Amino acid sequence: MEQQLYKQVYQLIRQIVKNKTIKRAKFNDAKILSTYFWAVLHDRPVYWACSKRNWPIYYRRGQLPTASTMSRRLRTKQIQQWLDQLEQALKSKFHRSICRFIDAKPLPIGGCSKDKHSRFGHGAACIARGYKLYAISDLRQGFVRWTIRPMNQNEAKVAADLIPNLDSGGYLVGDSAYDSNRLYDIASERFVQLIACHRIKGKALGHRRHSPYRLISRELLKQPFGQSLIRDRTSIERMFGNLTTFAGGLKPLPHWVRTLPRVRLWVQAKMILFHLWRSNRHDQKTA
């Protein structure tokens, strides 16, 4: 599986990145990205992929960049732009769904870590230290919008940054953490109807001004259509599960992936591999 995924991501890199690079660089951007993906796919540090003995014989042609070169080039804006284009190319292969889902997944690290960017926050039924993957998913396109933040950041506040970047129209379904007047108004600006579980079950909203789109959501939840959307909300949890369980998926953050820029870079590479894996599954089902 790893060999198959690497061949496909290598072909995608060659197709999009080609031979473009920065001035006076010994290795082009495609070589930097393909070396990094070899490390990420096998859950190894970057310096591991810089040694030819860790590659199959048929991949050992030519020189490999050093660990210092990889560290320097991976921090450039150009590499980040290439990663964004690779991810977008895989998502754009499928048409969007009318309904999308929003949730977050904790990415804990050790409590004694010296990572200056990580914070303590609510993990999976516990208090943990680390980061969170805040994401909006589409059943066809996968994770259409996502970001990495320290674990102490509130899901509703991060959602206020994600929702304005969504394609307009359709429904956005979340749990009670997203039942906020501000989020309903932000979603309406993109012509998206947010539907969230009641923050306090069995109680009215109270005598104050509420977003009209929040009132629409509460009316929809009384109908079979709205209830079916809430039941389907677990699809994003299954997608998080698929992200972590396929070969080369997002396992617990390894000890060499610390600080926010490295975590974001690692997760984005895993996202690209995940969308490539989903595309392969779709092609197999339709074959």
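See the structure above.
Since the structure is predicted, the reported quantities are computational estimates derived from the model, not experimental observations. (Residues numbered from 1 in each chain as written. Predicted model: local features only at pLDDT ≥ 70, side-chain atom pairs only at ≥ 80, totals over all residues. Heavy atoms only, no water.)

Undergrad: Help me get a handle on helix 2 (residues 29-41), residues and values and all.
TA: For helix 2, with 13 residues, the first-to-last C-alpha span of 18 Å sits near the 18 Å given by 1.5 Å per residue. Among the 13 residues of helix 2, 13 are classified as buried, and the element is accordingly described as predominantly covered. D43 lies just past helix 2 and shows a positive phi near 55 degrees. (Helix = DSSP H or I, 4+ residues; strand = E, 2+ residues; numbered from the N terminus. Expected span 1.5 Å × (residues − 1). Buried < 20%, exposed > 50% of the residue type's maximum accessible area, 1.4 Å probe, protein only.)

Undergrad: Just give me the short version of the nonpolar core, but keep the residues and values in it.
TA: Judged by nonpolar contacts, the single largest core of 65 residues is most densely connected at F37, L86, L133, F143, I148 and V267. Broken down by element, the residue count for this core peaks at 12 residues, all from helix 11 (residues 260-286). Every residue in contact with F143, bar those within four places of it in the chain, is listed here: E87, K91, A135, I136, S137, I236, M239, F240, L243, M271, F274 and H275. In terms of nonpolar packing, the next biggest core, distinct from the first, is built from 21 residues, I136, L166, L172 and L194 among them. (Core = buried A, V, L, I, M, F, W, Y, C linked by side-chain atoms within 4.5 Å. Contact = heavy atoms within 4.5 Å.)

Undergrad: I'd like a rundown of the packing of aromatic side chains, residues and numbers included.
TA: Inspection of every chain in the model, using the stated rule, returns 15 aromatic pairs. Aromatic pair Y6 and Y59: ring centres 5.4 Å apart, planes at 75 degrees, arrangement edge-to-face. In this pair, Y6 is assigned in helix 1 (residues 2-16) and Y59 in the loop between helix 3 (46-49) and helix 4 (67-74), connecting sequence segments 53 residues apart. Seen from their ring centres, W38 and W55 are 4.6 Å apart, and the 10 degrees between their planes marks the pair as stacked. Of the two residues, W38 is situated in helix 2 and W55 in the loop between helix 3 and helix 4; the sequence distance between them amounts to 17 residues. (Phe/Tyr/Trp six-rings, centres within 6.5 Å; stacked < 30°, edge-to-face > 60°.)

Undergrad: Account for the side chain of T35, with residues named and values stated.
TA: The residue T35 is located in helix 2 in this model. Here the side chain of T35 touches K31 through a polar contact of 2.8 Å, landing on its backbone oxygen. When near neighbours in sequence (up to four residues on either side) are disregarded, T35 contacts A49, W55, L64, P65 and M70. (Polar contact = N/O pair within 3.5 Å; in protein donor to acceptor, adjacent residues only side chain to side chain.)

Undergrad: I'd like a rundown of the pairing of strand 1 (residues 99-109), residues and numbers included.
TA: If a strand is regular, its side chains alternate between the two faces of the sheet. Among the 11 residues in strand 1, eight count as buried, and that is most of the element. As paired elements, strand 1 and strand 5 (residues 171-174) share three bridges and run parallel to each other. The partner of C99 across the bridge, within strand 5, is Y171. Bridge count between strand 1 and strand 3 (residues 127-138): 10 bridges; the pairing is antiparallel. Bridge pairing in strand 3 places P108 opposite G130. (Pairing = 2+ DSSP bridges.)

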